[in-house]
Amino acid sequence: MSETNEPKNSDALTPSELKLIFDEPKQKVKPPKHFADLDPAGRKELALELGIPAFRANQVATHFFTHHNDDTESWSDIPKDMRALMAEKFTPKLITLVRTIECDGGTTRKDLWRLHDGVLVESVLMRYSDRTTVCISSQAGCGMNCPFCATGQGGLTRNLTAGEITAQVVAAARICDSGALPGGPTRLSNVVFMGMGEPLANYNAVIRTVRNITAPQPDGLGIGARSVTVSTVGLVNGIEKLMQEDIPVTLAVSLHTPDDELRDSLVPINSRWKVKEVLTAADNYAQKTGRRYSIEYALIRDINDQAWRADLLGRLLKNRNAHVNLIPLNPTPGSKWTASRPSDEATFVSTLESYGVPVTVRDTRGREIDGACGQLAAAELIK
Ligand code: SAH
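Right, let's walk through the structure included here. (Residues numbered from 1 in each chain as written. Predicted model: local features only at pLDDT ≥ 70, side-chain atom pairs only at ≥ 80, totals over all residues. Heavy atoms only, no water.)

**Examining the site of the ligand**
Surrounding the ligand, one finds 19 residues, the nearest of these being Phe148, Ser231, Ser254, His256 and Asn330. Considered on its own, the ligand offers 530 Å² of accessible surface; in the complex 95% of this is hidden by protein. Counted by class, the shell around the ligand contains 9 nonpolar, 8 polar and 2 charged residues. (Near = heavy atom within 4 Å. Areas by Shrake-Rupley, 256 points an atom, 1.4 Å probe, with all protein chains shown as cover. Nonpolar A, V, L, I, M, F, W, Y, C, P; charged D, E, K, R; others polar.)

And the structure:
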């Protein structure tokens, strides 16, 4: 990929900013290579390297992406003596279920996964009347350090590989197939990158995963790009790169306040890319893809929920192709912050509406299971 999408008209990143965004602790042992790390051509090359005819790569893809099946022993169209090699080289087990917590009558479930090196990540599966969505993690931990977010408090442990991120989606699709969710078997229809991590700080693995999700079968899961949402703190260089990919995924920007002064502390990367720069990048993304973007806004009592901030946000967004998603703050353990009073939330909504800005309040699915943001992984670590 060319580097022409680096931020324009701005100074180079300082070493500490680079560290914040892109550095990851040295991994002691790299995760096993998985065929979901590769593009379809690379999968065929891998087969040939292993002395396996290239067409077998399509069979693997059909089992994995179409049937959500990584149990090579059950692959009856693959010669028995080839299955062990395939299990090792194509579909090694990358994530192991540690525990599941359910709420909302079982229609919301949070799965905690252990990776090969013992690192923990989580995903949340939510069944609604018209869709089933999985919220996945792109990093173990997060380097963005937003003070209201549980994941942010522990820092970044490491980036996940495309195989590890894709495995969360395939596992969710398998759970949907199995009928384990109330209502019987269903199809996984939506994927949101709103679990642990900053997806655009793990760019290549996230894009490979997006392609695995959106590519037609058998090369991918065949889920439409419009049903995939990438949520970011606002890494402008990442948004600009994403724009060049020609995959019109929905972009969500975690704005949380319209003014730079407060945003510098709520979303510390704001010291690098200011509100206006982030919105301009999102506007360009919307124009290029034809997709409306979302503004994520966690309403925090007496911090960012004042009527004047709603007014400022309304003025900022009134002529933009954006939709505001208000999220009542899910308080993290030990934090003094809490969700807004209902009357302040209602004023916030009506103020935005008075500017004609589309706004919804996100339902608080999964609150009892700390559905938001790394709280299950954190609980497991301190047990
Ligand atoms: N790093 C990405 C995606 C992960 S978080 C991002 O920031 O967009 C997904 C969303 O949950 C973000 O909008 C994030 O700001 C929000 N969030 C984090 N902690 C929260 C909390 N305690 N309560 C409510 N929303 C929270």
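**A look at the environment of Val206**
With respect to the helices, strands and loops of the structure, Val206 is situated in helix α7 (residues 203–214). Placed 69 residues apart in sequence, Val206 and Ser137 show a C-alpha to C-alpha distance of 9.9 Å. Filtering out sequence-adjacent residues up to four positions away, Val206 remains in contact with Ser138, Ile165, Phe193 and Pro199. (Helix = DSSP H or I, 4+ residues; strand = E, 2+ residues; numbered from the N terminus. Contact = heavy atoms within 4.5 Å.)

**What about helix α12 (residues 342–354)?**
When the terminal C-alpha atoms of α12 are compared, their 18 Å separation across 13 residues agrees well with the 18 Å that a helix rising 1.5 Å per residue should span. Listed as buried for α12 are Phe348, Val349, Thr351 and Leu352. In an axial view of α12, the angular spread of the buried residues amounts to 165 degrees, which keeps them on one side of the axis. For α12, the exposed residues set more than 90 degrees away from the buried face come down to Pro342 and Ser354. Those residues of α12 hidden inside the fold are in contact with β10 (293–299), α11 (307–317), β11 (322–328) and β12 (359–361). Following α12 by one or two positions, Gly356 has its phi on the positive side, about 75 degrees. (Expected span 1.5 Å × (residues − 1). Buried < 20%, exposed > 50% of the residue type's maximum accessible area, 1.4 Å probe, protein only. Arc of directions from axis to C-beta.)

**Description of the pattern of salt bridges**
For the coordinates displayed, the defined rule picks out 16 salt bridges. Residue Asp259 is joined to Arg309 by a salt bridge in which the shortest nitrogen-to-oxygen separation is 2.8 Å. Here the residue Asp259 occupies a position in the loop between β9 (250–254) and α9 (260–266), and Arg309 occupies one in helix α11, the gap between them amounting to 50 residues. Each member of the pair, Asp259 together with Arg309, is buried. With a closest N to O distance of 2.9 Å, Asp302 and Arg341 form a salt bridge. Within this pair, whereas Asp302 is found in the loop between β10 and α11, its partner Arg341 is found in the loop between β11 and α12, the two being separated by 39 residues in sequence. Exposure remark for Asp302: the relative accessible area of 47% places this residue in the partly exposed category. (Salt bridge = Lys/Arg side-chain N within 4 Å of Asp/Glu carboxyl O.)

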